[in-house]
Amino acid sequence: MRGGLVWSLLLGAGLVAGAQRLSGQDSLVVDSAVAIPMRDGVVLMADIWRPAAPGPFPVLVYRTPYDRQDAAAASGITRAAVARGYAVLLQDVRGRYGSGGEFEPYRHEGADGYDTIEWAARQSWSTGAVGTIGLSYPAAVQWLAALQRPPALKAMAPAMTYATPESFWYAGGVWDGSWLDWTWFNIAPDLRRRLGRPGPRTEAEAAAAWEREGPRARRHRPLGTLPDFQGIAPWYYEWMRHPPRDPWWSWAALEGRYSQVGAAVLNLSGWFDEPYGARGAADNFSALVQARRPGAPRAALILGPWTHGVGAVQRTTAGDRDFGPAAALAYAEMVLRWMDRYVKGERNGVDDEPPVRVFVMGENRWRTAPGWPLPGTRTDTLFLQPPERDGQSGRLEAQPPIRGASETSLRADPAAPLADPYDGRAGAHDYRALVGRPDVAVFETAPFTEPRDVIGAVVGEFAVAASVPDYDLWLQLYDVAPDGTAWNLSAPGTALLRASYRQGGPARILPREGEVTRLRFDGLLTANRVLPGHRLRIVLSAAFVPLFSVNPQTGLQEFDSDKVRAGDLRVQHSRTFPSRMLLPVVPIARD
């Protein structure tokens with residue numbers, strides 16, 4: 001009972017190391033190193049920024065694995081929120097920097113988030129109304145906490161995060177190789193410091209080590225024997241032991257639980273976000289709306305022409321493409337208006353705005369709608385057709401194929417996989433150089449004669465035969481200008497599928513060598529106006545390193561084997577085995 005007594009006593013107040021007014025900021029007070037106890041006795045450390053006034057204040061909670069002391073300056077939202085009359089709680093998640101306990105990514109964020117939110121609501125300087133903010137990991141923790149139904153949580157703004165584990169740790173059954181980079185740069189250095197283990201312990205040391213060892217780490221097979229995180233990040237290897245849709249992932253799943261979320265939710269992502277981002281925001285929004293009864297707290301969706309990060313939201317460029325002045329939004333103002341409405345209860349016009357706002361590339365303007373998919377969306381079908389002449393790209397046409405047998409082959413060699421010419425650098429780039437390679441299959445429309453708005457989930461359905469027992473297929477979509485510039489319309493990896501996971505998992509079903517297998521892609525979201533004279537192009541390939549793992553094509557998984565087998569993929573476009581693209585086309589908006 002003593003443990004229960006200690007828990008009850010600690011629950012009422014944090015252990016405050018010190019409160020200070022920042023120099024030159026007489027209207028601002030920071031309570032630093034505030035100890036907040038969790039239900040199991042682990043203590044998490046936080047800094048609390050608040051106005052230098054009697055209060056009480058509504059509270060915004062930001063929970064991060066990336067060091068709370070860096071968070072205040074990262075987005076500018078902390079000072080802006082305090083100036084607006086909020087207290088802001090910045091907390092290191094369990095096992096990171098100042099906080100106690102063992103770090104296991106995402107595992108404890110539901111319970112710890114609930115306890116932190118309710119602790120904040122009970123403080124003397126709090127009104128009892130709490131909102132949560134943050135992007136990426138600090139966004140995922142918001143969802144996981146909200147599923148626990150903390151009574152004080154009134155609003156949340158989870159930006160650029162996932163909707164399902166199978167689209168976060170994997171994409172179409174393919175392991176997301178960026179977990180290597182994330183662990184190497186963002187997580188492992190502090191874990192080594194805490195555990196007293198050798199190796200890089202700072203950002204600078206991690207970057208220097210990557211220059212020497214990063215290429216070796218990326219090439220290492222089997223993936224499950226990578227030595228670099230042994231003894232410091234056991235969860236990294238545990239993830240690989242669980243395929244997509246394994247019930248083991250239930251602790252991270254949102255699906256089927258949206259009715260448990262009572263807060264107003266602002267979902268935000270970008271067309272060039274991480275591969276899970278745009279789909280995550282759209283799916284979370286749609287599922288939340290569907291799960292709620294009329295009169296429930298509001299949900300909204302904003303999708304812009306952005307890469308991953310707060311800074312990206314506030315820029316007009318993504319990669320090498322400039323989308324004009326309308327592309328940039330003031331992130332802090334956008335989030336704080338949401339909080340003003342649903343945490344403070346101010347009538348500021350947010351309720352009167354359409355819940356969906358998407359940026360249409362090509363037109364370079366925002367478009368609003370009452371729902372997602374946009375009302376009035378129709379499906380235009382484009383069938384894959386062979387090239388008219390040798391040496392040309394295949395065609396995308398509205399008419400179905402009439403040939404009895406027709407196919408396009410591409411080489412699939414795991415020992416020499418197709419590499420992203422921009423080495424995974426985020427954003428829009430000119431990918432015209434991919435055409436003409438033996439390891440790609442290219443199909444494109446004729447030049448459009450009138451503008452067409454493609455907004456929503458682009459679907460690809462392909463019939464494929466292969467000379468190997470398993471393979472991956474990548475689908476990428478481009479807008480090709482009259483001068484040949486080929487802009488990608490989403491982040492690479494948003495349309496990707498391992499043939500053995502074509503039914504989703506957790507079981508693998510190997511296709512039979514030489515037999516036609518049907519594959520369906522539905523994760524590519526975009527909003528683009530195809531202008532007159534422009535064409536749409538798709539590029540199919542078996543790999544696109546370095547972003548995702550490469551299928552060894554032996555029938556075994558790269559987690560357990562270092563053997564590979566080269567082969568050919570034959571994309572069918574015949575009357576018997578048609579392949580096609582399904583485009584979500586929305587009527588042109590008239591001013």
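Read on for an overview of the structure. This structure is a prediction, so every number in the text was calculated from the model and none was measured. Within each chain, residue numbers correspond to sequence positions counted from 1 in written order. With the structure being a predicted model, the display of local features is reserved for residues of pLDDT at least 70 and the display and counting of side-chain atom pairs for 80 or more, all residues being used for whole-chain, interface and lining totals. Side-chain descriptors were evaluated using all non-hydrogen atoms of the structure, hydrogens and water having been removed beforehand.

**Thoughts on the nonpolar core**
Right, on to step 1. By convention a nonpolar core is built from buried Ala, Val, Leu, Ile, Met, Phe, Trp, Tyr and Cys residues, the set being connected through side-chain atoms within 4.5 Å. The rule is simple: take the accessible area with a 1.4 Å probe, protein chains only, and divide by the maximum for that residue type; under 20% is buried, over 50% is exposed, in between is partly exposed. Ranked by internal contacts, the top residues of the largest apolar core, which has 172 residues, are W169, W271 and W372.
Right, on to step 2. Going along the chain from the N terminus, every DSSP run of H or I of four or more residues is numbered as a helix, and every run of E of two or more is numbered as a strand. Broken down by element, the residue count for this core peaks at eight residues, all from helix 11 (residues 331-342).
Right, on to step 3. V174, W474, L496 and F544 belong to the second-largest nonpolar core, a separate cluster that totals 16 residues.

**Points about the packing of aromatic side chains**
Right, on to step 1. To pair, rings of Phe, Tyr and Trp, with the six-membered ring standing in for Trp, must have centres within 6.5 Å; the planes then decide the type, stacked if under 30 degrees apart, edge-to-face if over 60, and tilted in the middle. By the definition in use, this model includes 45 aromatic pairs.
Right, on to step 2. With a centroid separation of 6.3 Å and 70° between ring planes, the pair formed by W184 and F229 is classed as edge-to-face. Highlighted residues: W184 in helix 6 (residues 178-195) and F229 in the loop between helix 7 (203-219) and helix 8 (234-240), separated in sequence by 45 residues.
Right, on to step 3. In this structure W184 comes out as buried when scored by relative accessible area, which is 5%.

**Section: the side chain of N551**
Right, on to step 1. Locating N551 in the fold gives a position in the loop between strand 25 (535-541) and strand 26 (567-572).
Right, on to step 2. For this analysis, a polar contact is any N or O atom pair within 3.5 Å, provided that within protein one partner can donate a hydrogen and the other can accept it, and provided that sequence-adjacent residues contribute only side-chain to side-chain pairs. Here D472 takes part through its side chain, which lies 3.0 Å from a polar atom of the side chain of N551.
Right, on to step 3. In terms of polar contacts, N551 uses its side chain to reach the backbone amide nitrogen of Q553, at 2.8 Å.
Right, on to step 4. When checking whether two residues touch, look at their non-hydrogen atoms; a contact exists if any pair is within 4.5 Å. Ignoring any residue separated from it by four or fewer positions in sequence, one finds N551 in contact with P414, D470, Y471, D472, R498 and E558.

**As for the environment of S124**
Right, on to step 1. Within the secondary structure layout, S124 lies in the loop between helix 4 (109-122) and strand 6 (126-135).
Right, on to step 2. Separated by 181 residues in the primary sequence, S124 and P305 have C-alpha atoms spaced 42 Å apart.

**Things to note about the pattern of salt bridges**
Right, on to step 1. Salt bridge, as used here: a side-chain nitrogen of Lys or Arg that lies within 4 Å of a carboxyl oxygen of Asp or Glu. Enumeration according to the criterion identifies 46 salt bridges in this entry.
Right, on to step 2. Through salt bridges that share partners, R279, D283, E461, R520, D522 and R580 make up one connected network.

**Quick notes on the pairing of strand 4 (residues 57-64)**
Each regular strand shows side chains that alternate between the opposite faces of the sheet.
Right, on to step 1. By the criterion of burial, strand 4 is predominantly enclosed, with eight of the eight residues buried.
Right, on to step 2. Following DSSP output, two strands are said to pair if at least two bridges run between them. Pairing analysis gives four bridges linking strand 4 to strand 6, with the strands arranged parallel. Bridge pairing links F57 to S126 in strand 6.
Right, on to step 3. Bridge count between strand 4 and strand 5 (residues 87-92): six bridges; the pairing is parallel. Looking at the pairing, V59 lines up with A87 of strand 5.

**A closer look at helix 9 (residues 277-291)**
Right, on to step 1. Expected helix span is computed as 1.5 Å times (number of residues minus one). For helix 9, which comprises 15 residues, the first-to-last C-alpha distance of 21 Å matches the rise-based estimate of 21 Å (1.5 Å per residue) to within 8%.
Right, on to step 2. Among the residues of helix 9, G277, A278, G280, A281, A282, N284, F285 and L288 are the ones counted as buried.
Right, on to step 3. Packing partners of the buried residues in helix 9 comprise helix 5 (137-146), strand 10 (264-270), strand 11 (299-304), strand 14 (356-360) and strand 24 (517-530).

**Structural notes on helix 7**
Right, on to step 1. For helix 7, which comprises 17 residues, the first-to-last C-alpha distance of 22 Å matches the rise-based estimate of 24 Å (1.5 Å per residue) to within 8%.
Right, on to step 2. When helix 7 is considered as a whole, its buried residues turn out to be A206, A209, W210, G214 and A217.
Right, on to step 3. In this structure, the buried residues of helix 7 make contact with helix 6.

**Notes on the packing of helix 4 against helix 5**
Right, on to step 1. Comment: axis = line fitted to C-alpha atoms, over the contacting stretch for helices; angle = value between 0 and 180 degrees taken between N-to-C directions. Where helix 4 meets helix 5, the closest approach of the two axes is 8 Å, and the angle between their N-to-C directions is 80°. For the element pair helix 4 / helix 5, the angle class is roughly perpendicular. Between helix 4 and helix 5, the residues in contact are E109, G110, G113, Y114 and I117 and Y137, V141, L144 and A145, respectively.
Right, on to step 2. When residue character is reported, Ala, Val, Leu, Ile, Met, Phe, Trp, Tyr, Cys and Pro are called nonpolar, Asp, Glu, Lys and Arg charged, and the others, Gly included, polar. By residue class, the composition of the contact of helix 4 with helix 5 is six nonpolar, two polar and one charged. Orientation categories follow fixed angle ranges, with anything under 35 degrees roughly parallel, anything over 145 roughly antiparallel, 65 to 115 roughly perpendicular, and all other angles oblique.

**A few points about the pairing of strand 26**
Right, on to step 1. Looking at chain direction, strand 18 (residues 407-412) and strand 26 are connected through six bridges and run antiparallel. Its bridge partner being in strand 26, A412 is matched across the sheet by G567.
Right, on to step 2. Sheet analysis places strand 20 (residues 452-466) next to strand 26, joined by three bridges and oriented antiparallel. Considered in strand 26, the bridge of A465 is made with R570.

**Observations regarding the side chain of N488**
Right, on to step 1. Relative to the helices and strands, N488 resides in strand 22 (residues 486-488).
Right, on to step 2. Taking relative accessible area as the criterion, N488 reaches 1% and is therefore assigned buried.
Right, on to step 3. Polar side-chain contacts of N488 include one of 3.1 Å to the backbone oxygen of G427.
Right, on to step 4. Among the polar contacts made by the side chain of N488, one reaches the main-chain amide nitrogen of H429 at a distance of 2.7 Å.
Right, on to step 5. Every residue in contact with N488, bar those within four places of it in the chain, is listed here: F272, G427, A428, H429, Y431, L477 and Y478.

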